[in-house]
Amino acid sequence: MEDFNPANNIQDLQYFGEFGGVNPSISDSSTYTFLSAKTMFDTFEGNTEGCYLYSRHSSPSNLYLGEALAQMEGTESANVTASGMGAITSTLLQLCKSGHHIISSRTIYGGTYAFMKNFLPDFNIKTSFVDITDLSIVENAINENTKVIFCETVSNPLLEVADLFGLAAIAKKHNIKLVVDNTFSPLSISPTKLGTDITIHSLTKFINGSSDAVAGVVCASSQFVNDLKDVNSGACMLLGPTLDSLRASSILKNLRTLHLRIRKHSENAQFLAEKFEKDGLLVKYPGLKSHKQHDLFTSMMNTEYGYGGLLTLDVKTVEKANQLMELMQKENLGYLAVSLGFYKTLFSASGSSTSSEIPEDEQKEMGLSQGLIRMSVGLDHDIQRTYDKMKWCMQQVHLLP
Ligand code: PLP
């Protein structure tokens, strides 16, 4: 891949606060004054350059965060939202109108799946859920109404890796937008550099990293971001998934350490995955050579950030999974909680939690076992010590001798 370093791009931005502060000032206003009525009129007409209108449309704090995330993803622009779902739903509703069709990976976050499966059909927007790792299946699913191919770079929870080069080529050939949720692999993979049109994140996870905020972002061309914010027809402007300025400013501050955190998450996850594999456990991690798309991930990645902080462990039954997770929490090895990207390891049984929106028969078909534990590996200082304690827990629940 061309020389592209997302962390350098973020750091090259220089912001000063109102009084020379080292952080940009937080914009604490929902509305803005105009010196002339004509400028206000022009702003409503879409000539918003340099003017703030109303904070549902944009605010200085949200623009700072959006600019930093656009730099991270290498897009012209970005719009931050009040949640990852706010980013996903606004994007899909902006691109798809009644009669249109979406092709989506079948292994995606349960909320995204539920939106496409249960919500969009009422607006006459249909989705075909396919195995995104087979490009011929994707291409065969395209029809004349297809507007979007949607996938996650690394899927939740199965950690399947999408061939973004291949998908981008198909999308381009058929004049379809490729929309990628990159929540599981920030910095490690830069989808736009691989040909993706629109890159989305739930900022709630690694990017904020402190599990104290819910937020999202759409990174895209200036044209698409302006479309989202259009006062007459923009999904972000009209549906109103607006991020609060205070939160935007705190997320921007956390973004500054993302490169350090991602490296540590990846290092720790790689360590545990290799140990678990040696122990004979059913572990999946893109950094393991045994992972089906290991070479593909390697060919797409920004090497220094590793293969990400998520691994899965299949212990076959939900009872065993619960027993192990409860014990690991008791031993203070992590928390039995959904979400990811925290300093502490977080684990949950996906089938009965974050993927429970997907019916059980479909879970089975896609290979999602009820005993699958998704682990977001934390920033543990001494990962050998963590592993030793985890091994002890596995012995207590008879997963290891
Ligand atoms: N995308 C992925 C991959 C997720 O895991 C999640 C949430 O778990 C979302 C999107 C939704 O993000 P949010 O909870 O910020 O709305």
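Residues numbered from 1 in each chain as written. Predicted model: local features only at pLDDT ≥ 70, side-chain atom pairs only at ≥ 80, totals over all residues. Heavy atoms only, no water.

Caption draft 1: Representation of the pattern of salt bridges. Considering all chains together, one arrives at seven salt bridges under this definition. The residue Lys-117 makes a salt bridge to Glu-362 at a minimum N-O spacing of 3.1 Å. On the criterion of sequence distance, the pair formed by Lys-117 in helix α5 (residues 110-119) and Glu-362 in helix α14 (residues 360-365) is long-range, its members being 245 residues apart. Among the residues examined, Lys-117 registers a relative accessible area of 34% and is labelled partly exposed. In this structure Glu-362 comes out as partly exposed when scored by relative accessible area, which is 25%. Between Glu-267 and Lys-264 there is a salt bridge, with the nearest N and O atoms lying 3.3 Å from each other. One end of the pair is Glu-267 and the other is Lys-264, both in helix α11 (residues 258-278) and three residues apart, which spans about a single turn. (Salt bridge = Lys/Arg side-chain N within 4 Å of Asp/Glu carboxyl O. Helix = DSSP H or I, 4+ residues; strand = E, 2+ residues; numbered from the N terminus. Buried < 20%, exposed > 50% of the residue type's maximum accessible area, 1.4 Å probe, protein only.)

Caption draft 2: The arrangement of the site of the ligand in detail. Surveying the vicinity of the ligand reveals 15 residues, the closest of which are Met-85, Asp-181, Ser-202, Thr-204 and Lys-205. Contacts to the ligand include Asn-156, whose side-chain N or O atom sits 2.9 Å from an oxygen atom. Here the ligand loses 90% of its free accessible area of 390 Å² to cover by the protein chains. No other element matches the three residues that helix α4 (residues 84-95) contributes to the shell around the ligand. Tallied by class, residues from the shell around the ligand come to six nonpolar, six polar and three charged. (Near = heavy atom within 4 Å. Polar contact = N/O pair within 3.5 Å; in protein donor to acceptor, adjacent residues only side chain to side chain. Areas by Shrake-Rupley, 256 points an atom, 1.4 Å probe, with all protein chains shown as cover. Nonpolar A, V, L, I, M, F, W, Y, C, P; charged D, E, K, R; others polar.)

Caption draft 3: Up close: the domain arrangement of the chain. One can read the domain layout of the chain as domain 1 (6-255) and domain 2 (259-396). Relative placement of domain 1 and domain 2: their C-alpha centres are 27 Å apart. In this assembly, 40 residues from domain 1 lie in contact with 39 residues from domain 2. Together domain 1 and domain 2 conceal approximately 3,200 Å² of surface at their shared face, both sides included; 63% is due to carbon and sulfur atoms. For the domain 1 face of the interface with domain 2, the top three residues by lost area are Leu-159, Ser-188 and Phe-206, together amounting to 21%. (Domains from an automatic or database assignment. Contact = heavy atoms within 4.5 Å. Buried area = accessible area lost by both parts, 1.4 Å probe.)

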